[in-house]
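# An overview of the molecular structure
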Amino acid sequence: MKSINVGLLGIGTVGGGTFTVLKRNQEEIARRVGCNIIIQMVADKDIEKAHHIVGSQTIVTANAHEIVANPDIEIVIELIGGQTIAKELILQAINNGKHVVTANKALLANHGSEIFSAAQQKGVIVAFEAAVAGGIPIIKALREGLTANRIEWIAGIINGTSNYILSEMREKGLAFSTALTSAQRLGYAEADPTYDIEGIDAAHKITIMAAIAFGIPVRFEKAYIEGISQLNNEDIRNAEELGYRIKLLGITKRVEKGIELRVHPTLIPIKRLIANVEGVMNAIVVKGDAVGPTLYYGAGAGAEPTASSVIADLVDVARQLTVDPKHRVPYLAFPPDSLSDTPIVSMEDVQTAYYLRLQVIDKPGVLADITRILADADISISAMIQKEHAEEEDRVNIIMLTHTTQEKNINRAIDKIEKLPSMTDKVVRIRLEELNK
Ligand code: HSE
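The following paragraphs examine the structure supplied in this document.

Rules used in this analysis
- Residues numbered from 1 in each chain as written.
- Predicted model: local features only at pLDDT ≥ 70, side-chain atom pairs only at ≥ 80, totals over all residues.
- Heavy atoms only, no water.
- Helix = DSSP H or I, 4+ residues; strand = E, 2+ residues; numbered from the N terminus.
- Rg over C-alpha atoms; globule rule 2.2 N^0.38 Å.
- Buried < 20%, exposed > 50% of the residue type's maximum accessible area, 1.4 Å probe, protein only.
- Contact = heavy atoms within 4.5 Å.
- Near = heavy atom within 4 Å.
- Polar contact = N/O pair within 3.5 Å; in protein donor to acceptor, adjacent residues only side chain to side chain.
- Areas by Shrake-Rupley, 256 points an atom, 1.4 Å probe, with all protein chains shown as cover.
- Nonpolar A, V, L, I, M, F, W, Y, C, P; charged D, E, K, R; others polar.
- 1 Å grid on protein atoms, 1.4 Å probe; cavity = no way out; pocket = protein on both sides within 12 Å on 5 of 7 lines; lining within 4 Å.
- Points joined across faces, edges and corners; volume = space filled by probe spheres on them.
- Lys, Arg positive; Asp, Glu negative; His and termini not counted.
- Salt bridge = Lys/Arg side-chain N within 4 Å of Asp/Glu carboxyl O.
- Pairing = 2+ DSSP bridges.
- Patch = residues over 30% accessible without salt bridge, like charges linked within 9 Å, V, L, I, M, F, W, Y side chains within 5 Å.
- Axes fitted to C-alpha atoms, helices over the stretch in contact; angles between N-to-C directions.
- Parallel < 35°, antiparallel > 145°, perpendicular 65-115°, else oblique.
- Left-handed = near helix turned anticlockwise from the far one by under 90°.

Quick look at the overall build of the protein chain now. Counting secondary structure elements, the protein chain contains 15 helices and 17 strands. What you see for the protein chain is a C-alpha radius of gyration of 24 Å, in line with the 22 Å of a compact globule of 437 residues. Here the protein chain holds 437 residues, and the buried ones make up 54% of them. Within the protein chain, residue pairs in contact and separated by at least 24 positions form 73% of the contacts whose partners lie at least 6 positions apart.

Take a look at the structure:
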């Protein structure tokens, strides 16, 4: 049986998982592909650790350039992460005619166009299933399984760390900072968890999915990003009372003016399946015009789940090696000359519904002032709660849900409401999506 030689750059959590799963399932995978996939070389700064994982059959080096320059290596797996050395190595590998498998979402979201164009010129494949939602084969589903459809929208829980934090806050009433510490202790969150909790990691992933779904270039810089660090338990409880759950969603949607691309905490009806995805799990709803809504659920991170996607890409590349480059499945689902320049719409033009919490002094006319401002901005209220306050307090929380409106209308209304003398704090605003159309 023929063998395909692979070089692995970085043998951390996912790299180690890839080595282990490939070894464990070697025979089964070889039967599926019709050839042996062999990790011939591994590069890692920690040579001792690498040796310990791979044993004596695999060459270990601290110099990743040795792998991308090695003429025996046909496929390079990049699992180093980051946007500097990883980018340099991937471009060198492509330039040397090697196919690339990567889990590097930040790199693809920011520099995907450059990388895909270099690969196109060299006739090599860049595969990236592991970059989005860990073990869930969402790239394959979007690019191939749903190819008959005009994709209408995608909404996903695509950051396990923030989903874990939100679950802990809701289920145990933990404060945001306590839930974050717990996520860090369990090894879910990064040492610097900013990418997770501020929505940046989710924005990388939704940017990549938007490109595949709509045939547009990767445009991370156009994404609207808001994380979960400002959320508090009171709003999570209020949402539950109204029949909604707050999730950090990555959303991309085809609308008249272009493509919406956004990440923010979102109220979604509890009765939707995706609202019940808890802990570190990921889930993505894709709405196609022919198939309707489809849901993909699974582990969004972790050694073996992510390795599952890395190895699926290796198998895909191995199977496509004999196919004329012109007839391969395009990286972004659309051939490069068919990409469209549909604009990403500005957040001001996004249409959605809203949850508002207003802390006011409890006196006559306050509610009338607020509803007048909303009515003047053409914003219709769909539900409202005012909680009875303790006798010694004169402040009260008014919670409102609005019907769908334009973000610029709500921004203007909030500006005016915050200027009312009866307001005692900033308005809390969280977007709401019914996910039913
Ligand atoms: N930090 C990511 C998460 C891991 O929490 O989902 C995989 O991208």
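A few words on the site of the ligand. Around the ligand sit Lys105, Asn159, Gly160, Thr161, Asp196, Asp201, Lys205, Gly300 and Ala301, and those are all the residues in its vicinity. The backbone of Gly160 places a nitrogen or oxygen atom 2.7 Å from an oxygen atom of the ligand. Measuring from an oxygen atom of the ligand, one finds a side-chain N or O atom of Thr161 at 2.7 Å. Coverage of the ligand by the protein chains reaches 86% of its 260 Å² of free accessible surface. For the shell around the ligand, the secondary structure elements donating two or more residues are α8 (160-172) and α11 (200-214). In terms of residue class, the shell around the ligand is made up of one nonpolar, four polar and four charged.

To continue, consider empty space enclosed by the protein. One pass over the structure, following the stated rule, counts two cavities of 30 Å³ or more. Lining the largest cavity, in full, are Leu166, Ser167, Arg170, Ile236, Glu240, Arg245, Ile246 and Lys247. Only α8, α12 (233-241) and β9 (244-255) provide two or more residues apiece to the lining of the largest cavity. In terms of residue class, the lining of the largest cavity is built from three nonpolar, one polar and four charged.

Turning to its location among the elements, Asp196 is positioned in helix α10 (residues 194-197). Despite its burial, Asp196 pairs with no opposite charge; the closest candidate is Lys205, at 6.3 Å N-O.

By the criterion of burial, strand β13 (residues 351-361) is predominantly enclosed, with eight of the 11 residues buried. In the sheet, β13 pairs with strand β16 (residues 405-406) via two bridges, with the strands oriented antiparallel. Bridge pairing links Thr352 to Thr405 in β16. Bridging between β13 and strand β17 (residues 428-432) involves five bridges; their strand directions are antiparallel. When the sheet's bridge partners are listed, Tyr355 is paired in β17 with Ile430. Note: β13 against strand β15 (residues 395-402), seven bridges, orientation antiparallel.

Turning our attention to the pattern of salt bridges. Evaluated as defined, the whole model comprises 29 salt bridges. With a shortest N-O distance of 3.0 Å, Asp316 and Lys140 are connected by a salt bridge. Taken together, the residues span a long stretch of sequence, with Asp316 in helix α13 (residues 303-320) and Lys140 in helix α7 (residues 138-145) at a distance of 176 residues. Assessed through its relative accessible area of 14%, Asp316 is described here as buried. A relative accessible area of 30% means that Lys140 is categorised as partly exposed. Look at the salt bridges and you will find they share partners, linking Arg170, Glu171, Glu240, Arg245, Lys247 and Glu278 into a network.

It is worth spelling out a nonpolar patch on the surface at this point. There is a patch of nonpolar side chains on the surface, built from Leu273, Leu295 and Tyr297 and spanning about 330 Å² of accessible area. Here Leu273 is to be found in the loop between β10 (258-269) and β11 (281-288). You can call Leu273 exposed: its relative accessible area is 64%.

Here the focus is the packing of helix α1 (residues 13-24) against α13. Where α1 contacts α13, the axes come no closer than 8 Å and their chain directions differ by 65°. When the interaxial angle is binned, α1 and α13 end up roughly perpendicular. The element α1 and its partner α13 pack so that their crossing is right-handed. Residues Thr13, Val14, Gly17, Thr18, Thr20, Val21, Leu22 and Arg24 of α1 pack against Ala303, Glu304, Thr306, Ala307, Val310, Ile311 and Leu314 of α13. Among the residues making up the contact of α1 with α13, the classes are represented as eight nonpolar, five polar and two charged.

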